[in-house]
There are 2 protein chains.
Amino acid sequence: MKRYAWVIGLKDNKIDEYKRLHAEVWPDVLHMIKQCHIQNYSIYMRRLDDGKTYLFSYLEYVGEDFDGDMAHMAADATTQKWWDVCKPCQAPLADRPEDAWWVDMEEVFHLD
Amino acid sequence: MKRYAWVIGLKDNKIDEYKRLHAEVWPDVLHMIKQCHIQNYSIYMRRLDDGKTYLFSYLEYVGEDFDGDMAHMAADATTQKWWDVCKPCQAPLADRPEDAWWVDMEEVFHLD
């Protein structure tokens, strides 16, 4: 199992919409996430000292080919529609890699 | 099981020290964490758009009395010494509750 933790900004005027969307994520989107071997997936939110709100996600990947599973998810039409409604809520970090939306955080500690 | 996710700032000039400390956390501190029914505990780090670095922790509590376990941990002499070396590295959020160091993040999504 491999853990991933990511961060992204959340636009101030989209906080309610993002929470509403994630209180009732489309079943086919959830099904695709599970099919892509992701489990124990949480997203947290907090306003930080700069006055901006950020989203932090934590997930556990239990498959054998993360890039392949992510490509499979990205090719799914329903997932694409879901991202089309979620992405306008998000404010990706300025220093993200060109091909990234959420960015990786660095693990500094883990205890099983 | 109950999940907790917390955030705190990390001082720029303490990043290396914090990473070094957490690469070799004292065994008695780890033992106390487990004794207090905490498992699957990770800490992540990322510099955000405001130029400041933050720490994000995720943990799973499997006991029956979180406040009691946290009080037990806080009363442990070795844990207190550990906190004495870690706390000067951290920069707690300005809007934290008076009795808090790390602050809670709000869960907006979870999938088992």
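The sections below set out a description of the structure shown in this document. (Residues numbered from 1 in each chain as written. Chains lettered and ligands numbered in written order. Predicted model: local features only at pLDDT ≥ 70, side-chain atom pairs only at ≥ 80, totals over all residues. Heavy atoms only, no water.)

Focus: the interface of chain A and chain B
In many reports, interface size means the accessible area that the parts give up when they come together. Opposite the 43 residues of chain A that make contact, chain B presents 43 residues. Summed over both partners, the interface of chain A with chain B buries about 3900 Å², with 59% contributed by carbon and sulfur atoms. Contact with chain B buries area across many residues of chain A, yet Tyr44, Val108 and Phe109 of chain A alone supply 20% of it, more than any other trio. Across the pair aspartate 95 of chain A and arginine 46 of chain B runs a salt bridge, and its minimum N-O distance is 3.1 Å. At the level of elements, β1 (2-10), α1 (15-23), α2 (27-35), β2 (38-47), β3 (53-61), β5 (103-104) and β6 (106-111) of chain A are the ones that each hand at least two residues to the side of chain A that touches chain B. (Contact = heavy atoms within 4.5 Å. Buried area = accessible area lost by both parts, 1.4 Å probe. Salt bridge = Lys/Arg side-chain N within 4 Å of Asp/Glu carboxyl O. Helix = DSSP H or I, 4+ residues; strand = E, 2+ residues; numbered from the N terminus.)

Some points on the packing of aromatic side chains
Where two aromatic rings form a pair, the distance of their centres and the angle of their planes describe that pair. Tallied over the entire structure, the rule returns 15 aromatic pairs over all chains. Ring geometry for tryptophan 26 of chain A versus tryptophan 82 of chain A: centroids 5.1 Å apart, planes at 70°, classification edge-to-face. Taken as a pair, tryptophan 26 of chain A in the loop between α1 and α2 and tryptophan 82 of chain A in helix α4 (residues 77-86) lie far apart in primary sequence, 56 residues in all. Since its relative accessible area comes to 31%, tryptophan 26 of chain A is described here as partly exposed. With relative accessibility at 6%, the residue tryptophan 82 of chain A sits in the buried group. Centroid distance tyrosine 4 of chain B to tryptophan 6 of chain B: 5.9 Å. Interplanar angle 50°. Geometry classified as tilted. On the accessibility criterion, tyrosine 4 of chain B (12% relative accessible area) is buried. Given a relative accessible area of 15%, tryptophan 6 of chain B falls into the buried group. Here a set of aromatic residues connected by ring pairs shows up, and it is made of Tyr4, Trp6, Tyr61 and Phe66 of chain A. For lysine 2 of chain A, the ring lying beneath its charged end belongs to tyrosine 4 of chain A, and the centroid distance is 4.6 Å. (Phe/Tyr/Trp six-rings, centres within 6.5 Å; stacked < 30°, edge-to-face > 60°. Buried < 20%, exposed > 50% of the residue type's maximum accessible area, 1.4 Å probe, protein only. Lys NZ or Arg CZ within 6 Å of the ring centre and 35° of its normal.)

Quick look at the pattern of salt bridges
On inspection of all chains with the given rule, the structure shows 10 salt bridges over all chains. Of the charged contacts, one joins glutamate 106 of chain B and lysine 19 of chain A as a salt bridge, the two residues approaching to 2.7 Å between their closest N and O atoms. One end of the pair, glutamate 106 of chain B, is in strand β6 (residues 106-111); the other, lysine 19 of chain A, is in helix α1, on a second chain. On the accessibility criterion, lysine 19 of chain A (29% relative accessible area) is partly exposed. Residue arginine 47 of chain B pairs with aspartate 12 of chain B through a salt bridge whose shortest N-O separation is 3.5 Å. Within this pair, whereas arginine 47 of chain B is found in strand β2 (residues 38-47), its partner aspartate 12 of chain B is found in the loop between β1 (2-10) and α1 (15-23), the two being separated by 35 residues in sequence.

Quick look at the relation of the copies chain A and chain B
Rotating chain A by 180° and translating it 0.0 Å along the rotation axis places it on chain B, where the RMSD comes to 0.0 Å. Interpreted geometrically, this transformation is the action of a two-fold axis. Measuring from the rotation axis to each C-alpha of chain A, the shortest distance belongs to aspartate 50 of chain A, at 3.2 Å. The overlap is high: 100% of the interface residues of chain A also sit at the interface in chain B, so the same surface is used on both sides. (Least-squares fit on C-alpha atoms with pLDDT ≥ 70 in both.)

So, the pairing of β3 of chain A
All names here are of chain A. Burial within β3 is extensive, with 9 of its 9 residues counted as buried. Alternating positions in β3 separate into two faces, Thr53, Leu55, Ser57, Leu59 and Tyr61 on one and Tyr54, Phe56, Tyr58 and Glu60 on the other, with burial throughout. Bridge count for β2 against β3 is 8 bridges, and the pairing is antiparallel. Paired with isoleucine 43 across the strands is serine 57, a residue of β3. Where β2 folds back on β3, the antiparallel hairpin that results is connected by 5 residues, among which glycine 51 adopts a positive phi of roughly 85°. (Pairing = 2+ DSSP bridges.)

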